[in-house]
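Spelled out from the first residue to the last, the chains are:
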Amino acid sequence: MHAVLLDKAHHAIKETLPERGNDHRLGFHLSPPVGWMNDPNGLVYYRGEYHVFYQHHPYSPQWGPMHWGHAKSHDLVHWEHLPIALAPSDPYDRDGCFSGSAVVVDDTLYLIYTGHVWLGSPRDDNHIQQVQCLASSTDGITFTKHGVIIDAPPGPEIMHFRDPKVWKRGEQWWMALGARKGDDPQLLIYRSVDLYHWEYLSCALQGVRESDGYMWECPDLFELDGSDVFLYSPQGLKPSGYANWNKFQNSYRLGKLDDSGHFNPSAALHELDHGHDFYAAQTLLAPDGRRLLWAWMDMWDCPMPSQAQHWCGALSLPRELSLEGDRLRMRPARELTALRKSQHGLQIPVVESASRPLDVRGALLEIEIELDLAGSTAEHFGLALRCSEDQHERTLLYFDAMARRLVLDRQHSGAGVSGVRSVPISPEQTRIALRIFLDRSSIEVFVDDGAYTMTSRIYPRPDSLGISAFAVNGTGVFGDLVAWELTDLKI
Ligand code: FRU
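Residues numbered from 1 in each chain as written. Predicted model: local features only at pLDDT ≥ 70, side-chain atom pairs only at ≥ 80, totals over all residues. Heavy atoms only, no water.

**Considerations on the sheet that holds strand β34 (residues 466–472)**
- In spatial order, the strands read β25-β34-β27-β28-β29-β30; together these 6 strands make up an open sheet with antiparallel pairing. Strands at the two margins of the open sheet, each flanked by one partner only, are β25 (355–357) and β30 (420–424). For this sheet, the mean inter-axis angle between neighbouring strands, taken without regard to orientation, is 15 degrees.
- Alignment of β25 against β34, held across 3 bridges, turns out to be antiparallel. The residue of β34 that forms the bridge with Ser-355 is Phe-470. (Pairing = 2+ DSSP bridges. Helix = DSSP H or I, 4+ residues; strand = E, 2+ residues; numbered from the N terminus. Axes fitted to C-alpha atoms, helices over the stretch in contact; angles between N-to-C directions.)

Pasting the structure below:
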């Protein structure tokens, strides 16, 4: 049955491909050939290659019964799409193979995922069954399902019970799961010696609805520079000040996970990325010891204009994590410099209450530039990106001197999306170093070597390619700009 359903899905993809529109198609980010993509799943290094799976609906660019899409890369830059790995096919996963993770044992690749079933009709979020399931492959392409390894908790109190992240701790396998007990979120730990038989160990962390949201999706737990990091995607947090304005967040807490399976937080909750579109991040440990992270570069219930062109959803660029004090730093994976083609260097004269078009254009660009705060007097100054000739379309990235924040403004970015996000700039800071990746429908900003990041989707017209430097009411002083055209890999 599984094989038949996979064939059916591949057939549907092949049929739709000629109809796909490419106006917003990303050049160097992973996105589905057609159909829908959400969370990254099963990130793993297997037989010398990086494998990335993802939540995928091959039949339409809307969320639907979840499959696991699959791609691999030997260098984190060039990706090859592989056949779909998992399709919902059995009574326990009939309505979806939800998110999960992957591990390698003796050259066999194991996927651990959530089997989802709607119990009510019409379907409703309060009548579901979620179980944890196992599948394996010895060629990294075709997967055999092994069925349910952890049953749904008894009783009606826990129904949301998903997104297993499995890793080796000492001699045993540990699994972190997100759960919703009543209206409160929980992080649960199970353990196993063989991946097939699991015992419940602990509730590692218990939250309360009011302050912690109602569900922690896509947990990840890993050690980084001497701390343990609990990375997760809380649902139900309320906006507060500048924080938590997306529909759902992607956040983390530092602490210590002890041998009895309790997580003792040592620092406050932080948002991981500060753009509009960043969710369900997961990590893998690369063979050289780097902790690499990918996120879904979209957000639930947001406009997704590429749906009209038969595809939607993308993953962020892979990022390298490190710890600075009690905050995570994210840098673009160092391999990504291989995307660079021709380089342009520009000196930008001081801009006085004006907007000055720059001699660099493009949809696929990496840009490095510094904003000189000490030398500037403008209320706002920075860059306008993906500008149309008439300047009606533009995506702004600028320093707001009154608020002392770096602002990403996509109110005039093109189709569908809107809104403003920002990160704080400390009073002592005299300059901001920016590294920006533009793809046809995305912007990722790495601020001060990854101390903050802002990731958002934008949907400008294909011919909105200009860049300007601007300053409002005063002078804006810019460091030299270096831009690279980036390779269009048409992933
Ligand atoms: C997160 C999530 C997961 C779930 C998956 C379903 O975005 O809601 O909790 O497993 O998406 O597609």
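**Some words on the pattern of salt bridges**
- What the rule picks out here adds up to 32 salt bridges.
- Between Lys-165 and Asp-220 there is a salt bridge; the shortest N-O distance is 3.4 Å. Of this pair, Lys-165 sits in strand β9 (residues 158–169) while Asp-220 sits in strand β13 (residues 215–224), and the two are 55 residues apart along the sequence.
- Where Arg-361 meets Glu-389, a salt bridge forms, and the shortest distance between an N and an O atom there is 3.8 Å. Of this pair, Arg-361 sits in the loop between β25 and β26 (365–372) while Glu-389 sits in the loop between β27 (380–387) and β28 (394–400), and the two are 28 residues apart along the sequence.
- Salt bridges sharing common partners tie together Asp-288, Arg-290, Glu-320, Arg-334 and Glu-335. (Salt bridge = Lys/Arg side-chain N within 4 Å of Asp/Glu carboxyl O.)

**Describing the environment of Asp-39**
- Tracing the sequence through the fold places Asp-39 in strand β1 (residues 35–46).
- Distance from Asp-39 to Ser-413, taken between C-alpha atoms, is 25 Å for residues 374 residues apart in sequence.
- Contacts of Asp-39, omitting those with residues within four sequence positions, involve Phe-53, Tyr-54, Gln-55, Ser-99, Cys-218, Ala-280 and Trp-296.
- Among the polar contacts listed, one links the side chain of Asp-39 to the side chain of Asn-38, at a separation of 3.0 Å. (Contact = heavy atoms within 4.5 Å. Polar contact = N/O pair within 3.5 Å; in protein donor to acceptor, adjacent residues only side chain to side chain.)

**Observations regarding the pairing of β9**
- Here β9 lies mainly inside the structure; 10 of its 12 residues are buried.
- Direction of pairing for β9 relative to strand β10 (residues 172–181): antiparallel, over a ladder of 9 bridges. Looking across to β10, one finds that Arg-162 is bridged to Gly-178.
- Taken together, β9 and the strand that follows it, β10, pair antiparallel across an intervening segment of 2 residues, in which Gly-170 is found at a positive phi of about 60 degrees. (Buried < 20%, exposed > 50% of the residue type's maximum accessible area, 1.4 Å probe, protein only.)

**Let's talk about unusual backbone geometry**
- Residue Ser-121 is joined to Pro-122 through a cis peptide bond whose omega torsion reads 0 degrees.
- Examined against the element boundaries, Pro-122 turns out to sit in the loop between β6 (108–118) and β7 (128–137).
- For Asn-473, which is not glycine, the phi dihedral falls at a positive 50 degrees.
- Secondary-structure assignment places Asn-473 in the loop between β34 and β35 (475–478).

**Some thoughts on the site of the ligand**
- Asp-39, Gln-55, Arg-162, Asp-163 and Glu-217 are the nearest of the 13 residues found near the ligand.
- Within the side chain of Asp-39, a nitrogen or oxygen atom sits 2.7 Å from an oxygen atom of the ligand.
- At a separation of 2.7 Å, an oxygen atom of the ligand approaches a polar side-chain atom of Glu-217.
- Within the complex, 96% of the 320 Å² of free accessible area of the ligand lies under protein.
- Broken down by secondary-structure element, the contributors of at least two residues to the shell around the ligand are β1, β5 (97–105), β9 and β13. (Near = heavy atom within 4 Å. Areas by Shrake-Rupley, 256 points an atom, 1.4 Å probe, with all protein chains shown as cover.)

**Details of the nonpolar core**
- Leu-406, Leu-434, Ile-436 and Leu-481 are the most contacted members of the largest nonpolar core, which has 37 residues in total.
- For Leu-434, the residues in contact, after removing those within four places along its chain, are Ile-367, Glu-368, Ile-369, Leu-371, Leu-397, Leu-406, Val-445, Phe-446 and Val-447. (Core = buried A, V, L, I, M, F, W, Y, C linked by side-chain atoms within 4.5 Å.)

**So, the sheet that holds strand β8 (residues 144–150)**
- Ordered in space as β5-β6-β7-β8, the 4 strands form an open sheet in which the pairing is antiparallel. Either end of the sheet is taken by a strand with one partner, and the two such strands are β5 and β8. Neighbour-to-neighbour, the strand axes of the sheet open up by a mean angle of 25 degrees, direction not taken into account.
- One ladder, built from 8 bridges, connects β5 with β6; its direction is antiparallel. Bridged to Ser-101 within β6 is Ile-112.

**Focus on the packing of aromatic side chains**
- Applying the stated criterion across every chain yields a total of 23 aromatic pairs.
- Residues Phe-230 and Phe-263 carry aromatic rings whose centres are separated by 5.8 Å and whose planes lie at 65 degrees to one another, so their mutual orientation is edge-to-face. A residue pair is termed long-range when its members are at least 10 positions apart, and Phe-230 in strand β14 (residues 227–235) and Phe-263 in strand β16 (residues 263–265) qualify at 33 residues. Here the two residues Phe-230 and Phe-263 agree in accessibility, since each one is buried.
- Within the aromatic cluster, the residues linked to one another by ring pairs are Trp-36, Trp-63, Phe-98, Trp-296 and Trp-300.
- When the ring centre of Trp-311 is taken as origin, the NZ or CZ atom of Arg-25, which lies over that ring, is 4.6 Å away. (Phe/Tyr/Trp six-rings, centres within 6.5 Å; stacked < 30°, edge-to-face > 60°. Lys NZ or Arg CZ within 6 Å of the ring centre and 35° of its normal.)

**Here we look at the environment of Phe-222**
- Mapped onto the elements of the fold, Phe-222 is located in strand β13.
- Separated by 55 residues in sequence, Phe-222 and Trp-167 have C-alpha atoms that sit 8.5 Å apart.
- Setting aside chain neighbours within four positions, we find Phe-222 in contact with Ser-227, Asp-228, Val-229, Leu-231, Thr-283, Arg-291 and Leu-321.

**A closer look at the state of the cysteines**
- Taken as a whole and assessed by the stated rule, the structure comprises 0 disulfides.
- Of all cysteine sulfurs in the structure, the one in Cys-133 sits closest to Cys-97, which takes part in no disulfide; the separation is 7.3 Å.
- A disulfide-free cysteine, Cys-302 has its sulfur positioned 11 Å from the sulfur of Cys-312, the nearest such atom. (Disulfide = S-S within 2.5 Å.)

**So, helix α1 (residues 2–16)**
- The end-to-end C-alpha distance of α1 is 21 Å, a good match for the 21 Å that 15 residues give at a rise of 1.5 Å each.
- Turning to α1, its buried residues number three or more, namely His-2, Leu-5, Leu-6, Ala-9, Ala-12, Ile-13 and Thr-16. Within α1, the buried residues cover an arc of 120 degrees as seen down the axis, which keeps them to one side. Exposed and oriented more than 90 degrees from the buried face of α1 are Ala-3, Val-4, Asp-7, Lys-8, Lys-14 and Glu-15.
- In the core, the buried residues of α1 are packed alongside β2 (49–57), β3 (67–73), β4 (80–86) and β8. (Expected span 1.5 Å × (residues − 1). Arc of directions from axis to C-beta.)

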